[in-house]
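# Summary of structural features
One letter stands for each residue in the lines below.
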Amino acid sequence: MFKFLTHPAPTAADERAKRLIDPGFGRVFTDHMATIRWTEADGWHDAQIGPRQPFQIDPAASVLHYAQEIFEGMKAYRSGNGVTLFRPLENAARFARSAERLAMPVLPDDLFIGAIEALVRTEIDWIPEQEGSSLYLRPFMFANEAFLGVRAATEYMFCVIASPASAYFKGGAKPVKLWVSDDYTRAAPGGTGAAKCGGNYASSLVAQQQAVAKGCDQVVFLDAAEHRWVEELGGMNMFFVFDDGTLRTPPLGTILPGITRASILTLARDRGMTVEEAPYDIDSWKADAASGRLTEAFACGTAAVVAAVGEIRWTGGEQAVGGGVEGPVTTSLRAELTGIQRGERPDPHGWNHTVTLG
Ligand code: PLP
Ligand code: COI
């Protein structure tokens, strides 16, 4: 199905080994990429695995002007002798929903999974082995018709690149600090909050800069209508643990429906925890963290996995959460999730997808 174009000068094994020692997040890239084109006339065609190289893109390409672009984030893990993907059909389904929201053509699941598998097979030597590491996969699609009228484009490029990854946050497993944005919101009812489109991230960057200026790692976005309800972070969903054992996460709607979020909800329900997908307001978060009713808070996502929140800051105040240290529920949910992903724990829901190797 995928035509293979030989790389003229792939990275030498010793250089690759050096880059895999501590790749961090999003800086190291493998040698190849998968591409598939779509045009109104021919539909999906020209599926290839070839050298990772710059695109030739017309300066009038619609993505450069109107940001018609979507993406996904997923990981391939070493697991025993094999390689697994975690719930890749969920990424394919979300990618399809994002495409529909951005008026883009829907890539069939078998092509989405086929591209991921073909690239992972090609780049198998780039999957880091260390605990906490994986090969991060970034499928994305953009409009590349040269046309300046504002309408859905008639030509698109789908691509997958791969990037060996270790911890997302520089501090590793240290609890993160969050900045509560009081002047920016991420999504509004009827907007694109539930889609994974580049524009959502572009509009979050100035708030993220403020967070960094305040000594924080990520932004907490509140809802656009009342500016009161906790939605999510710039790139992660939020969970709260209360002293009566309840686990709460904001409901779906304007937030990104995280696959990590859905998996944690299932794992917590499996344990018999009381789980609520219910709104939580920022004043309650501050008060509950101060009183000790809120015992833990954590952020989760593919890139960040599960990250304890140690503190929140806002204009004129700050409050430690869970005494500033990671709590036991956070630790054990992370251990269970990553244990399943690495093939070290039973996978009762059949979440792991084995990549068949050559
Ligand atoms: N929310 C946002 C805004 C994100 O960018 C991400 C990351 O993909 C998530 C939540 C978590 O989603 P997932 O668990 O599917 O990676
Ligand atoms: C992911 O977790 O895959 C994302 O896309 C979020 C981003 C912070 C890298």
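Residues numbered from 1 in each chain as written. Chains lettered and ligands numbered in written order. Predicted model: local features only at pLDDT ≥ 70, side-chain atom pairs only at ≥ 80, totals over all residues. Heavy atoms only, no water.

### Notes on the overall build of the chain
Here is the rule: Helix and strand definitions here come from DSSP, where helices need a minimum of 4 consecutive H or I residues and strands a minimum of 2 consecutive E residues; each element is numbered from the N-terminal end. Buried residues are those whose accessible area, probed at 1.4 Å on protein chains only, stays under 20% of the maximum for their type, while exposed residues exceed 50% and partly exposed ones sit between those limits. The contact rule is simple, with two residues in contact once any of their heavy atoms fall within 4.5 Å.
Helix and strand counts for the chain come out as 9 helices and 18 strands. Expressed as lengths along the three principal axes of its C-alpha atoms, the size of the chain is roughly 60 × 50 × 35 Å. The buried share of the chain, taken over its 358 residues, is 53%. By sequence separation, contacts in the chain at least 24 residues apart represent 72% of the contacts at least 6 residues apart.

### Considerations on the site of ligand 1
Going by this rule: Residues are counted as near a molecule or strand when any one of their heavy atoms sits within 4 Å of it. Identification of polar contacts relies on pairs of N or O atoms within 3.5 Å, with a donor-acceptor requirement for protein atoms, meaning one able to donate a hydrogen and the other able to accept it, and with residues adjacent in sequence counted only if both atoms are side-chain atoms. Only the protein chains shown count as cover for residues, and all accessible areas are computed by the Shrake-Rupley method using a 1.4 Å probe. In this analysis the probe radius is 1.4 Å and the grid spacing 1 Å, with only protein atoms considered; a cavity is a set of points the probe fits into but cannot get out of, a pocket is an open set with protein on both sides within 12 Å along at least five of seven lines, and lining residues have an atom within 4 Å of a point. Molecule-in-pocket calls rest on the fraction of atoms, with more than half required to lie within 2 Å of the cavity or pocket grid points.
Around ligand 1, a shell composed of 17 residues is seen, among which Tyr201, Glu232, Ile259, Thr260 and Thr302 lie nearest. In the model, an oxygen atom of ligand 1 is placed 2.5 Å from a nitrogen or oxygen of the Tyr201 side chain. Within the side chain of Thr302, a nitrogen or oxygen atom sits 2.6 Å from an oxygen atom of ligand 1. Its free accessible area being 390 Å², ligand 1 has 96% of it covered by the protein chains. Of all the cavities here, the one that holds ligand 1 is the largest pocket. Elements with a minimum of two residues in the shell around ligand 1: β11 (230-233), α7 (259-270) and β15 (294-301).

### Here we look at empty space enclosed by the protein
Which entries qualify depends on this criterion: Grid points are joined across faces, edges and corners, and a volume is the space filled by probe spheres set on the points. Each residue gets one of three labels, nonpolar for Ala, Val, Leu, Ile, Met, Phe, Trp, Tyr, Cys and Pro, charged for Asp, Glu, Lys and Arg, and polar for the others, Gly among them.
Going through the model one piece at a time under the given rule, you end up with 2 cavities of 30 Å³ or more. When its volume is computed, the largest cavity comes out at roughly 110 Å³. Looking at the largest cavity, it is lined by 13 residues, and the ones nearest its centre are Tyr77, Phe86, Thr260, Thr302 and Gln341. For the lining of the largest cavity, the secondary-structure elements that each account for two or more residues are β5 (74-79), α7 and α9 (328-341). Looking at which element gives the most residues to the lining of the largest cavity, the answer is β5, with 3 residues. Residue composition of the lining of the largest cavity, grouped by class: 6 nonpolar, 6 polar and 1 charged. Taken as a whole, the second largest cavity spans an internal volume of roughly 30 Å³. Mapped by element, the contributors of at least two residues to the lining of the second largest cavity are β15 and β16 (305-314). The biggest single contributor to the lining of the second largest cavity is β15, with 3 residues.

### Some remarks on the layout of surface pockets
Of the volumes computed, that of the largest pocket is approximately 1300 Å³. At the level of elements, β7 (134-143), β9 (176-180), α5 (198-202), α6 (205-213), β10 (218-222), α7 and β15 are the ones that each hand at least two residues to the lining of the largest pocket. Looking at the lining of the largest pocket, its residues break down into 20 nonpolar, 17 polar and 12 charged. Roughly 470 Å³ of internal volume is contained in the second largest pocket.

### Quick word on the packing of aromatic side chains
Using the following cut-off: Stacked, edge-to-face and tilted are the three classes for Phe, Tyr and Trp ring pairs, Trp counted by its six-membered ring, which pair at centre distances within 6.5 Å; planes under 30 degrees apart are stacked, over 60 edge-to-face, the rest tilted. Sitting over a ring, as applied to charges here, requires NZ of Lys or CZ of Arg to be within 6 Å of the ring centre and within 35 degrees of the ring normal.
Applying the stated criterion across every chain yields a total of 17 aromatic pairs. On the numbers, 6.4 Å between centres and 75 degrees between planes, the contact of Phe55 with Phe140 is edge-to-face. Of this pair, Phe55 sits in the loop between β3 (43-51) and α2 (62-66) while Phe140 sits in strand β7, placing them 85 residues apart in sequence. Residue classification places Phe140 among the buried residues on the basis of a relative accessible area of 13%. Summarising the aromatic geometry, the rings of Phe242 and Tyr280 are spaced 5.4 Å apart at their centres and angled 85 degrees between planes, so their arrangement reads as edge-to-face. Residue Phe242 is found in strand β12 (residues 237-242), and its partner Tyr280 is found in the loop between β14 (275-277) and α8 (282-291); the two are separated by 38 residues along the sequence. Between the NZ or CZ atom of Arg16 and the centre of the ring of Trp126, over which it lies, the distance is 5.9 Å. Positioned over the ring face of Trp314 is Lys286, at 4.3 Å from the centre of the ring.

### Considerations on the site of ligand 2
This is how it is decided: Residue ranges labeled as domains rest on an automatic or database domain assignment.
Lining the immediate surroundings of ligand 2 are Phe25, Phe71, Gly73, Tyr136, Arg138, Tyr168, Lys196, Gly235, Thr302 and Ala303. The separation between an oxygen atom of ligand 2 and a polar side-chain atom of Tyr136 is 2.6 Å. Within the contact set of ligand 2, an oxygen atom lies 2.8 Å away from a side-chain nitrogen or oxygen of Lys196. Across the complex, the protein chains shield 89% of the 280 Å² of accessible surface that ligand 2 would expose by itself. Spatially, ligand 2 is embedded in the largest pocket. Both domain 1 (3-165) and domain 2 (176-341) contribute no fewer than three residues apiece to the shell around ligand 2.

### Regarding the side chain of Ser133
With respect to the element layout, Ser133 can be found in the loop between α4 (109-122) and β7. With near-sequence residues (within four places) excluded, Ser133 lies in contact with Pro128, Ala165, Ser166 and Arg342.

Such coordinate-based values are descriptive only and should not be taken to indicate function.
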